[in-house]
Amino acid sequence: MNVSLRGAAVVALALALQACVTHPRPLPGHAWSGKLGVRTDAAPNLPARSMSGDFELSGTAASGQLVLTSPIGTTIARARWSDPVGAQGVPSTIELEADGGTTHYATLEDMMQRAIGDQLPLAAMFDWLDGRPWPAAPVERAADGRSFDQLGWHVDLSQLADNRLIDAQRPLPKPALHVRVKLDAAEPAASAAAAS
């Protein structure tokens, strides 16, 4: 290998390693991390599909950040939203960094469609991950308090206390969507940042 090719290989390797270790700090607010699995059932002319990896969600529904990491630890997408407007505090700036570029979106749902291949109610997930329904939408609670239905989703919290697992299913519209979250620890992002 000549010197110029060897130098190019070293630079490429250094850039690849930097991409693997660069991980943005959590935003102030609440922070959750863990494993995320998303599975979509097969539908006419569409095969079943699934994705899994690690995630870190921090901030708030009005101003926050979601980092998705591959099973081998490479950051594959980073979403950020901010500049809330209106009584509901809907973010007006929503962007996703993925595949070497940054794309802006009108809604969190559209951004999640691009990030994971389907729309997840990201604003509601801040409450769901805390084991409670989102206060901004109607809810039907199960009599035993271990699950609820909201925004077309059935959220099962029966394994949250013991195993830190949350299962959520959206049967309609077809194809059905299944989401499983295995939480690590929940702690205020500001405290985590101060401790590092």
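So, a few notes on the structure that sits alongside this text.

**Here's the deal with the pattern of salt bridges**
Inspection of the entire model under this criterion finds 10 salt bridges. When the shortest N-O distance is used, the salt bridge between Asp-167 and Arg-180 registers 3.3 Å. Residue Asp-167 is found in strand β10 (residues 165–170), and its partner Arg-180 is found in strand β11 (residues 177–188); the two are separated by 13 residues along the sequence.

**Considerations on the nonpolar core**
Core analysis: the biggest nonpolar cluster contains 38 residues, and Phe-55, Leu-57, Leu-66, Trp-81, Met-111 and Val-179 have the highest contact counts within it. A total of 6 residues in this core trace back to one element, the largest contributor, which is helix α3 (residues 122–128). Met-111 has contacts with Ala-79, Trp-81, Ile-94, Leu-96, Tyr-105 and Leu-122, leaving out every residue within four places of it along the chain.

**Looking at empty space enclosed by the protein**
Within the structure shown, the criterion is met by 3 cavities of 30 Å³ or more. Of the pockets and cavities examined, the largest cavity occupies roughly 80 Å³. Residue lining of the largest cavity: Leu-120, Pro-121, Met-125, Trp-128, Leu-129, Trp-153, Val-155, Ile-166, Ala-168, Val-179 and Val-181, and that is the complete set. At the level of elements, α3, β9 (153–156), β10 and β11 are the ones that each hand at least two residues to the lining of the largest cavity. Grouping the constituent residues of the lining of the largest cavity by class yields 11 nonpolar, no polar and no charged. Taken as a whole, the second largest cavity spans an internal volume of roughly 70 Å³. Lining the second largest cavity we find Leu-36, Phe-55, Leu-57, Leu-66, Leu-68, Met-112, Leu-120, Leu-122, Met-125 and Leu-129. Among the elements of the structure, β2 (49–59), β3 (64–69) and α3 are those that each provide at least two residues to the lining of the second largest cavity. Among the residues making up the lining of the second largest cavity, the classes are represented as 10 nonpolar, no polar and no charged.

Rules behind the numbers
Residues numbered from 1 in each chain as written. Predicted model: local features only at pLDDT ≥ 70, side-chain atom pairs only at ≥ 80, totals over all residues. Heavy atoms only, no water. Salt bridge = Lys/Arg side-chain N within 4 Å of Asp/Glu carboxyl O. Helix = DSSP H or I, 4+ residues; strand = E, 2+ residues; numbered from the N terminus. Core = buried A, V, L, I, M, F, W, Y, C linked by side-chain atoms within 4.5 Å. Buried < 20%, exposed > 50% of the residue type's maximum accessible area, 1.4 Å probe, protein only. Contact = heavy atoms within 4.5 Å. 1 Å grid on protein atoms, 1.4 Å probe; cavity = no way out; pocket = protein on both sides within 12 Å on 5 of 7 lines; lining within 4 Å. Points joined across faces, edges and corners; volume = space filled by probe spheres on them. Nonpolar A, V, L, I, M, F, W, Y, C, P; charged D, E, K, R; others polar.

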